[in-house]
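In case you want the letters, here they are:
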Amino acid sequence: MARSPVLLRLVSLVTITLALLLPALGQGNVVYNAPNQGQPLIYYGVSGGQDQYTTGPAGTLVDAYIYKKSGGSTDLCGKVNDAWTDAMATGAASVTIDARGFPSAQNCLTSPFPSGAQGRLLLGNQQISSNVSWVIPSGVEVVGLGSKLAGTNSGTFLKASTSFSDSSHAIVQIGSAGTNTTDAKLRNLTIDCGGNSSCWYGVLNIAASDNARIEDVTINNAPKVGLVVIVTSTGSAQNSGSYRNITVSYPSCSQCSSNSPIGMELSGNDSGAIIRGVQNIRVSGCSLSSSPAYGIQVVGASTKIENTNVECFPTGIQVGDPSSTSTTTGVQIDNSYFRCATFGVCTGANQTGTAIAVSQGSTNITLTNVNGDSQGSALTNLITYYDSGAHKNAVGGVLYEGFLMLGPKQSISSGGFQSLLSSDPLGVPWITQNQIHSK
Amino acid sequence: MWNHDQRILGIVIIALLLATGQLTQPAQLRAQNAPAQPLIYSSVQGAGTTDTTGTIIDAYVYQNQTGGSTEICTAIASTWAYATSTGIVSPVIDARGFQGVQPNTCTQSPIPSTATGKLLLGNVAISTSATWVVPAGVELIGMGASGTLGDVVNGVPVNTVIQGSGLAAPIISLGATSCGGTCQRQVGAKVRSLTVDCLGVSGCTGIENVVAQEGSTVEDVTIDNAPVYGLHVTVGPASTPAANYSGIYRNITVQYLLCAHCTSTTNGIQVDCSSTSGCPSTLQFDNITASAANLGSGVGLYGFYIKGVSTLLTNSHFENYKVNIQIGDDAAITPTSNVKIENVSLSAGDVLIDTTASDVLIAGLSGPTSSTLLLQDNYHNSSSISGMYLGFYMLGKCNPTSCAGTYPAIVTSDPGTAWQEP
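Residues numbered from 1 in each chain as written. Chains lettered and ligands numbered in written order. Predicted model: local features only at pLDDT ≥ 70, side-chain atom pairs only at ≥ 80, totals over all residues. Heavy atoms only, no water.

Novice: Honestly, the nonpolar core in this entry has me stumped. Any pointers?
Specialist: Nonpolar side chains in soluble globular proteins tend to end up buried together. Ranked by size, the top nonpolar core spans 93 residues in total, and within it Leu121, Ile172, Phe285, Ile325, Ile327, Ile353 and Ile362 of chain B carry the most contacts. The element that contributes the greatest number of residues to this core is helix 4 (residues 72–85) of chain B, accounting for 7 residues. Those residues in contact with Ile325 of chain B, other than ones at most four positions away along the chain, are Phe304, Leu313, Phe318, Ile341, Val344, Leu346, Asp350, Val351 and Leu352 of chain B. Among the nonpolar cores identified, the runner-up in size contains 88 residues, and Ile171, Ile305, Cys340 and Tyr385 of chain A belong to it. (Core = buried A, V, L, I, M, F, W, Y, C linked by side-chain atoms within 4.5 Å. Buried < 20%, exposed > 50% of the residue type's maximum accessible area, 1.4 Å probe, protein only. Helix = DSSP H or I, 4+ residues; strand = E, 2+ residues; numbered from the N terminus. Contact = heavy atoms within 4.5 Å.)

Structure representation (structure tokens):
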């Protein structure tokens, strides 16, 4: 057979062209089997030589970054709200909204939570500037990627924008006032007032009760109070908690000098309602240039605070209102550690004078394992309290106090005594029923 | 040597192979597109790829893809069996795609008895006539508990709900007792973020742990309408498989929305010892709520019953049981020692320390009114304390040589109770 260079070249050209084109055409023939917008693709095998993909049922897990609603919002909160609204419209009651895909810098102009929302919101490695307060409703859990590390853009970071304004003055509210909120949760992120003068509080819970929880959260630069929890007998944060793994600090608080910051305030009307465990708390005022008030203050609320570290506050933990005789009953503080300021330095506006101060109206108080810093300058007092004669006393020296237990105050006709039990060998004697035991 | 036509034919064949991708990506791509696994975009592979076969498998898609059972438990079990058949020891089985009230009742536990890994459940209500056994090394994770929001509202489940269907047994049991042979020691069995509902069926317990030990936890769980126990934990002597060193048990709500067969012996949570000698194993329960408020008068015995086990109970609330917290064997057989209760509020029901309990520390007990009966101590001269608050109450033990005529040490903030030296 005679050779045909032209034919050879032609066949080669055609086949090479096909070789280049067909794979691309093949990719275009991928089959999507009943996909739902914004949901992860799942491999569904091969049919007719073509790869098949599908998704879970509508509303299962919606990626808010990918999800596009016609005429919808463009900022993170608006897109989350759109995705959540449409997911609920499919009939799903509790949806997972995945907002981890949004890149670092984000703005929020409106609330991310539509009315009636339930489920879980996942946040990613984002620095979110919010104009509005995030009010977490019943049945919603907000989960970040973790607290921000100092000096980096790591984790999930929610701060008040320069346009932030809300009557609550809080960046995040657990439940909204006037509602019977339950099961509202916040986890794994950093909250920051960001120097906005309208932002007073980091997180506020005055409305969410059972199963309302905060865990693994850092609260920065809140000029009035980092975390506020208020309990009354009904319609508030009674039985809420636990509040666990929380850090309150002030790395750059431009509004703090005109306020006297409190790290955490747990307050109420002494109604017998409890705040569930406050656990693993660190409050540091060491970066403040002006004098703060208290690391933690408990007024009129019954609770247990355990495994805490408070530093650089004139009073580490204040139990009761020192300016009045209002009552605070049923507070336990277990395994706490206090220090002045930077090791070896215990002077300046924010030095810690007293680790735990118990006010005159406080009763049924149990303090165990109270520890002061053993390095550098010592605290002035470890514990101060008022005796039955309204005299202020100090116990525990400056380093350790095993236990101090104060009972209720009896009426004057019953002797006016307040039972007291202390491990301090140099402190006041024990007081039992109307009887002072000499040491 | 090939002739000209053979060379042309060879070029055509090679080009066609290239065109259909047989010499470039498809074989590799298909090998890495594992059934029912999420696609990850890959610039090298083109359209996408998956992780290693068996790593994380969508059970909803897998059952659709393979034409398997539409009953969720069977579908999960089949998915898990497939995943482990690939050589993956601990897969993630994602069953979040099953949504809403499931039409078919589960007749088997979805988790193979020798499985390890994680099972994810979504916004779903599952009816089961078989106990779900969570074996060692398995974590069962839902979308969340229903809490006080209700289990299924207007036909729509709130988060993740597992309901008994005529089930006169535990709905969930931690630890496997039957593994087709000898089970390995049961550790690390975990349940999180879901609701179990007995629907008031007689003989039903919400969650039980009688064999799973350290690392075995129950967290963020609501237990509804359990006529026997909401949560039952049994520890035992060291030689006996039991729930020794298990926990923590945290963020648990026991409640009764509609419980036709709850009785005067219904308990919210019971912690007991399989030996009449008592069990020194320590357990912790934190952030527990048990409410018998919706039960009729005389229904609901103990909110929290501690019998023979050293237990720490913190940050909790109990209401409307005959006795909200019972410390000690009510049959006065098994001794109970080292019980610590802190920051607990009560309503309509007190703490009872029975005659076989000793070494008890209570701090931060509160009730709604000044007349609330907070504590009754049968071990110590049947003394009782009422009020809104009890700051502290510490009870020792009687003289070990003879308890006759002696009382244990007692220190309390209650002004009406005399302190007692040992």
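Back to the text.
Novice: How should the pairing of strand 14 (residues 190–197) of chain B be read in this particular structure?
Specialist: Along any regular strand, the residues point their side chains to alternate faces of the sheet. All names here are of chain B. Buried residues dominate strand 14, accounting for 6 of its 8 residues. Two elements, strand 9 (residues 138–141) and strand 14, share 3 bridges in a ladder whose sense is parallel. Bridge pairing in strand 14 places Glu139 opposite Lys190. Relative to strand 14, strand 12 (residues 160–164) runs parallel, the two being bridged by 3 bridges. (Pairing = 2+ DSSP bridges.)

Novice: How should the interface of chain B and chain A be read in this particular structure?
Specialist: Where interface size is quoted, it is often the accessible area lost as the parts come together. The partner chain A presents 79 residues to the 77 residues of chain B that form the contact. The interface formed by chain B and chain A holds 3 salt bridges in total. The residue Arg244 of chain A makes a salt bridge to Asp286 of chain B at a minimum N-O spacing of 3.3 Å. Looking at the side of chain B that touches chain A residue by residue, the class counts come to 33 nonpolar, 35 polar and 9 charged. (Salt bridge = Lys/Arg side-chain N within 4 Å of Asp/Glu carboxyl O. Nonpolar A, V, L, I, M, F, W, Y, C, P; charged D, E, K, R; others polar.)

Novice: Would you take a moment to explain the sheet that holds strand 9 (residues 134–136) of chain A for this structure?
Specialist: All names here are of chain A. Here we have 10 strands laid out as an open sheet, ordered 9-12-14-16-18-20-22-24-26-27, and mixed in their pairing. Every other strand in the sheet has two partners, leaving strand 9 and strand 27 (392–395) as the edge strands with one partner each. Between one strand and the next, the sheet's axes are offset by a mean angle of 10 degrees, whatever the strand orientation. Two strands pair when backbone bridges link them, and strand 24 (residues 354–358) and strand 26 (residues 381–386) are joined in this way by 3 bridges, in the parallel orientation. Looking at the pairing, Ile356 lines up with Ile383 of strand 26. (Axes fitted to C-alpha atoms, helices over the stretch in contact; angles between N-to-C directions.)

Novice: Can you walk me through the packing of aromatic side chains in this structure?
Specialist: How two aromatic rings sit relative to each other is set out by the distance from centre to centre and by the angle between their planes. Using the criterion set out here, one finds 15 aromatic pairs over all chains in the structure. Both rings, one in Tyr32 of chain A and one in Tyr53 of chain A, keep their centres 5.9 Å apart while their planes meet at 35 degrees; by these two values the pair is tilted. Of this pair, Tyr32 of chain A sits in strand 1 (residues 31–33) while Tyr53 of chain A is found in strand 3 (residues 50–54), placing the two residues 21 residues apart along the sequence. With relative accessibility at 47%, the residue Tyr32 of chain A sits in the partly exposed group. Here Tyr53 of chain A falls in the buried class, since its relative accessible area comes to 2%. Centroid distance Phe304 of chain B to Phe318 of chain B: 6.0 Å. Interplanar angle 75 degrees. Geometry classified as edge-to-face. One end of the pair, Phe304 of chain B, is in strand 21 (residues 302–307); the other, Phe318 of chain B, is in strand 22 (residues 309–319), and 14 residues separate them in sequence. In this structure, Lys224 of chain A is placed above the aromatic ring of Trp200 of chain A, and the distance from its NZ or CZ to the ring centre is 4.8 Å. (Phe/Tyr/Trp six-rings, centres within 6.5 Å; stacked < 30°, edge-to-face > 60°. Lys NZ or Arg CZ within 6 Å of the ring centre and 35° of its normal.)

Novice: Just checking my understanding: could you explain the side chain of Ser246 of chain B for this structure?
Specialist: Residue and element names in this part refer to chain B. Note that Ser246 resides in the loop between strand 17 (229–235) and strand 18 (249–255). With relative accessibility at 4%, the residue Ser246 sits in the buried group. If near-sequence neighbours (up to four positions away) are discounted, Ser246 is found in contact with Asn209, Ala212, Gln213, Glu214, Ser216, Val233 and Leu283.

Novice: How should unusual backbone geometry be read in this particular structure?
Specialist: Trans is the common state for peptide bonds, and a negative phi is the common state for residues other than glycine. With omega at 10 degrees, the peptide bond leading from Gly241 of chain A into Ser242 of chain A counts as cis. Note that the residue after Gly247 of chain B, namely Ile248 of chain B, is joined by a cis bond; omega there is 20 degrees. Here Ile248 of chain B shows up in the loop between strand 17 and strand 18. In this model, Ala36 of chain B sits at a positive phi of 65 degrees, which is unusual for a non-glycine residue. Mapped onto the elements, Ala36 of chain B comes out in the loop between helix 2 (26–32) and strand 1 (40–42). Accessibility expressed as a relative area gives 0% for Ala36 of chain B, which makes it buried. Its identity as a non-glycine residue notwithstanding, Asn338 of chain B has a phi of 60 degrees, on the positive side. Structurally, the position occupied by Asn338 of chain B is in strand 24 (residues 336–347). The exposure class of Asn338 of chain B is partly exposed, given its relative accessible area of 48%.

Novice: Help me understand the state of the cysteines, please; the structure alone is not making it clear to me.
Specialist: Here a disulfide denotes one covalent bond, and it connects the sulfur atoms of two cysteines. The full count for this structure, using the stated rule, is 8 disulfides over all chains. The side chain of Cys286 of chain A participates in a disulfide bridge whose partner is Cys312 of chain A; the two sulfur atoms lie 1.9 Å from each other. The disulfide joining Cys286 of chain A to Cys312 of chain A has a torsion of about 70 degrees about its S-S bond and is therefore right-handed. Of this pair, Cys286 of chain A sits in the loop between strand 19 (274–284) and strand 20 (294–299) while Cys312 of chain A sits in the loop between strand 21 (302–311) and strand 22 (315–319), placing them 26 residues apart in sequence. A relative accessible area of 27% places Cys286 of chain A in the partly exposed class. Here Cys73 of chain B connects covalently by a disulfide to Cys106 of chain B, the sulfurs 2.0 Å from one another. An S-S torsion of about 90 degrees defines the bridge between Cys73 of chain B and Cys106 of chain B as right-handed. Of the two residues, Cys73 of chain B is situated in helix 4 and Cys106 of chain B in the loop between strand 5 (100–101) and strand 6 (117–121); the sequence distance between them amounts to 33 residues. (Disulfide = S-S within 2.5 Å.)

Novice: How do you make sense of the pattern of salt bridges when you look at a structure like this?
Specialist: Where charged atoms from two side chains of opposite charge approach closely, those side chains can pair. Tallying each qualifying case throughout the model produces 20 salt bridges over all chains. Notably, a salt bridge pairs Asp210 of chain A with Arg276 of chain A, separated by 3.5 Å at the nearest N-O pair. Residue Asp210 of chain A is found in the loop between strand 14 (201–205) and strand 15 (213–220), and its partner Arg276 of chain A is found in strand 19; the two are separated by 66 residues along the sequence. Residue classification places Asp210 of chain A among the buried residues on the basis of a relative accessible area of 18%. In this structure, Arg192 of chain B and Glu139 of chain B form a salt bridge, with 3.0 Å as the shortest nitrogen-oxygen distance. Taken together, the residues Arg192 of chain B in strand 14 and Glu139 of chain B in strand 9 connect sequence positions 53 residues apart. Owing to a relative accessible area of 24%, Arg192 of chain B belongs among the partly exposed residues under this scheme. Glu139 of chain B sits in the buried class, given a relative accessible area of 12%. Several salt bridges converge on common partners, so that one network encompasses Glu215 and Arg244 of chain A together with Glu219, Arg250 and Asp286 of chain B.

Purely spatial values, then, with no claim about function.
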